[in-house]
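# Breakdown of the fold
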Amino acid sequence: MRDGPWSGLERAAFDTCEPDVAGWLVHPGETVSALAYFVAAAIVWRETGPRAAGSPARRLPVILGLVATAALLFHASFAALFQRLDLATIPLLTGLLLASALVHGGHAVRERSHVLWLAFAGGGAVAPFVLTWLGYAMVALQASSLLWLWRRFARRTPAIRGDLRAVAVLLLPAAALLGLGHAGIACVAAGSAWAHVVQPHIVWHLASASACVYVGRVERALEDAAS
């Protein structure tokens, strides 16, 4: 049972496998593994280098930092409010990349990319505060649409093929494992010494943060090909 500073907050609606711990870190393993997003943000920032102010790749490190912060708050508290906030920050990332992909694909003009980003990010951010499961659905829809567009781009932009393959290899199995974890399947039992070390959500954090590094490379390659 939760205790400490978070005890007055409503518990998250969709559970994960890690057992609760009383205190500041309700799910310590998931909280610590969420730090991987800060590492990914630092790597993307270092690799991005100087780019034009309007470049989507230039915004990625800041957005990843926001995703990391929201994930830390959620898993440290395991509160419903921060679960919704965690889901609300992810469309900042998927929405930015999706808007950029529509521009790269010739489906939208570059001058309208900010409007598209705000629409995707705004709709995705509102969804979990309406219904938590709707937040998950919006993120899944945006991410799958993005991967579909990128797969089409790979035919004409060979430079993204290797990085795109790495994104798929990291994200798809980890997303399936994430779903199993929320369903209470593939969990390490609460009494095990590994209960706070090996859990589906922890694997998701590590795999998705690693995928974000390759996501940054894909976006930069597409921007370079368009310039």
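Quick note: structure is the one above.
Here's what I pulled together on the structure shown here.

## Description of a positive patch on the surface
A cluster of like positive charges, contributed by R151, R152, R155 and R156, occupies part of the molecular surface. When you line up the elements, R155 lands in the loop between helix 6 (132-153) and helix 7 (161-182). Classification of R155 by relative accessible area gives exposed; the value is 60%.

## A closer look at the state of the cysteines
For the structure shown, the criterion picks out 1 disulfide. Linked covalently through their sulfurs, C17 and C187 form a disulfide whose S-S length is 1.9 Å. Judged by the torsion about the S-S bond (-50°), the C17/C187 disulfide is left-handed. Of this pair, C17 sits in the segment before helix 1 (28-33) while C187 sits in the loop between helix 7 and helix 8 (200-226), and the two are 170 residues apart along the sequence. Looking at C187, the relative accessible area reads 34%, which means it is partly exposed.

## A word on the pattern of salt bridges
Side chains bearing opposite charge may pair, as long as their charged atoms lie close to each other. For the structure on display, the rule yields 6 salt bridges. The salt bridge involving R11 is made with D15; its shortest N-O contact spans 3.4 Å. A salt bridge links R51 to E223; its shortest N-O distance comes to 3.2 Å. Taken together, the residues R51 in the loop between helix 2 (36-48) and helix 3 (56-77) and E223 in helix 8 connect sequence positions 172 residues apart. Looking at R51, the relative accessible area reads 21%, which means it is partly exposed. Overlapping salt bridges, with partners in common, bring together R11, D15 and D20 in one network.

Each value, and the rule that gives it
Residues numbered from 1 in each chain as written. Predicted model: local features only at pLDDT ≥ 70, side-chain atom pairs only at ≥ 80, totals over all residues. Heavy atoms only, no water. Patch = residues over 30% accessible without salt bridge, like charges linked within 9 Å, V, L, I, M, F, W, Y side chains within 5 Å. Areas by Shrake-Rupley, 256 points an atom, 1.4 Å probe, with all protein chains shown as cover. Salt bridge = Lys/Arg side-chain N within 4 Å of Asp/Glu carboxyl O. Lys, Arg positive; Asp, Glu negative; His and termini not counted. Charge placed at Lys NZ, Arg CZ, Asp CG, Glu CD. Helix = DSSP H or I, 4+ residues; strand = E, 2+ residues; numbered from the N terminus. Buried < 20%, exposed > 50% of the residue type's maximum accessible area, 1.4 Å probe, protein only. Disulfide = S-S within 2.5 Å.

The values reported here are purely geometric and, on their own, carry no functional implication.
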